[in-house]
Amino acid sequence: MKYKVGAVIYQRIRPPRRYEQKISDSLLRLYGTKSYKEKIYSFWSKKYSLHIYTSLIVILLTVGESLSSQGIFFLGGNVCCHYYLDEKLKEEIETHRRALMNGFFEFSSLFTLMINAGLNYKNALEYSIGDHAFSPYLNEAIRQIKTGKSEILAFEEIPLQCRETVITRYFACIVQGQRHGNRSVRNDLKRITEENWNEKLKLHRKNGEVLKTKLLLPMMLIFIGILGILLMPVMIQFQQLM
């Protein structure tokens, strides 16, 4: 195991309960109910291991320094390690969510079209799977249906894995139509799909704003670099005159 040291420490020293619950909720949102428990163990094993490695590196690099300097570097290194892992997890969750929602929007449009064309739910699902981040959840639902599970239960499990309000609402409408034979389910699906497209536009706008923010720092660094290149001859000439 790559992070065996951290795994051993995690089994004996648990993190603060509130912080551990926060990480568990984040991993549940990222990986769903079926695989998030093993991801929790993997995350904490990695986190503890990296903190140990960071501490050892800091100690080796600060040999001969004063005790206060060692303490500052030790604390600073572990704080950076802590926030790096947390921010990386947030970034993974957001990246996964964007890919998942884009896949869902593609699926919901096609599925609604198939239902309105007269296909039953199982066939509509098979024709609407596609190849995107949402496809594994749909493939799992098809597998469950083929092994004898009812369509209603298979559809109910999909939002439990994704834990997104938009996805939950869409599949709740499908389940309601299956259970009660609601004649207006096609119109409801069509309405929800149109609302989903509005959500998709909002998501794209948000992604554009995030991209602009990420590009701001590199642009500032490039600007400072160009400004430095332009001012360097002037500064050298000014020094010569002095």
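Residues numbered from 1 in each chain as written. Predicted model: local features only at pLDDT ≥ 70, side-chain atom pairs only at ≥ 80, totals over all residues. Heavy atoms only, no water.

**Concerning the overall build of the protein chain**
Along the protein chain, the regular secondary structure elements total eight helices and zero strands. N-terminal to C-terminal, the α/β element order of the protein chain is α-α-α-α-α-α-α-α. A buried classification covers 35% of the 242 residues belonging to the protein chain. In the protein chain, the share of contacts with a sequence separation of at least 24, taken over all contacts with a separation of at least 6, comes to 64%. Accessible surface, the protein chain: about 15,800 Å² in total, of which carbon and sulfur atoms supply 62%. (Helix = DSSP H or I, 4+ residues; strand = E, 2+ residues; numbered from the N terminus. Buried < 20%, exposed > 50% of the residue type's maximum accessible area, 1.4 Å probe, protein only. Contact = heavy atoms within 4.5 Å. Areas by Shrake-Rupley, 256 points an atom, 1.4 Å probe, with all protein chains shown as cover.)

**Here's the deal with the side chain of E164**
Tracing the backbone shows E164 in the loop between helix 6 (151–162) and helix 7 (165–180). Here E164 is in contact with R29, R97, L100 and M101, once residues within four sequence places are set aside.

**Digging into helix 6**
Across its 12 residues, helix 6 extends 18 Å between first and last C-alpha, which sits within 8% of the 16 Å expected from 1.5 Å per residue. Taken together, the buried positions of helix 6 are A154, F155, I158, P159, Q161 and C162. Down the axis of helix 6, the sector holding all buried residues measures 160°, keeping them to one side. Following helix 6 by one or two positions, R163 adopts a phi angle in the positive range, close to 55°. (Expected span 1.5 Å × (residues − 1). Arc of directions from axis to C-beta.)

**Thoughts on the packing of aromatic side chains**
Enumeration according to the criterion identifies 22 aromatic pairs in this entry. Ring centres of F111 and F155 lie 6.3 Å apart, and the angle between their planes is 65°; on these two criteria the pair is classed as edge-to-face. Note that F111 is positioned in helix 3 (residues 67–116) and F155 in helix 6, a separation of 44 residues in sequence. The class of F111 is buried, set by a relative accessible area of 0%. We classify F155 as buried; its relative accessible area is 0%. Every member of this aromatic cluster is reached through a ring pair, and the members are F104, F105, F107, F111, Y121, F134, Y137, F155, Y170 and F171. (Phe/Tyr/Trp six-rings, centres within 6.5 Å; stacked < 30°, edge-to-face > 60°.)

**With respect to empty space enclosed by the protein**
Summed over the entire model, instances satisfying the criterion amount to one cavity of 30 Å³ or more. The calculated volume of the largest cavity comes to roughly 40 Å³. Taken together, the elements giving at least two residues each to the lining of the largest cavity come down to helix 2 (17–61) and helix 3. Residue contributions to the lining of the largest cavity peak at four residues, all from helix 3. Residue classes in the lining of the largest cavity are distributed as four nonpolar, one polar and three charged. (1 Å grid on protein atoms, 1.4 Å probe; cavity = no way out; pocket = protein on both sides within 12 Å on 5 of 7 lines; lining within 4 Å. Points joined across faces, edges and corners; volume = space filled by probe spheres on them. Nonpolar A, V, L, I, M, F, W, Y, C, P; charged D, E, K, R; others polar.)

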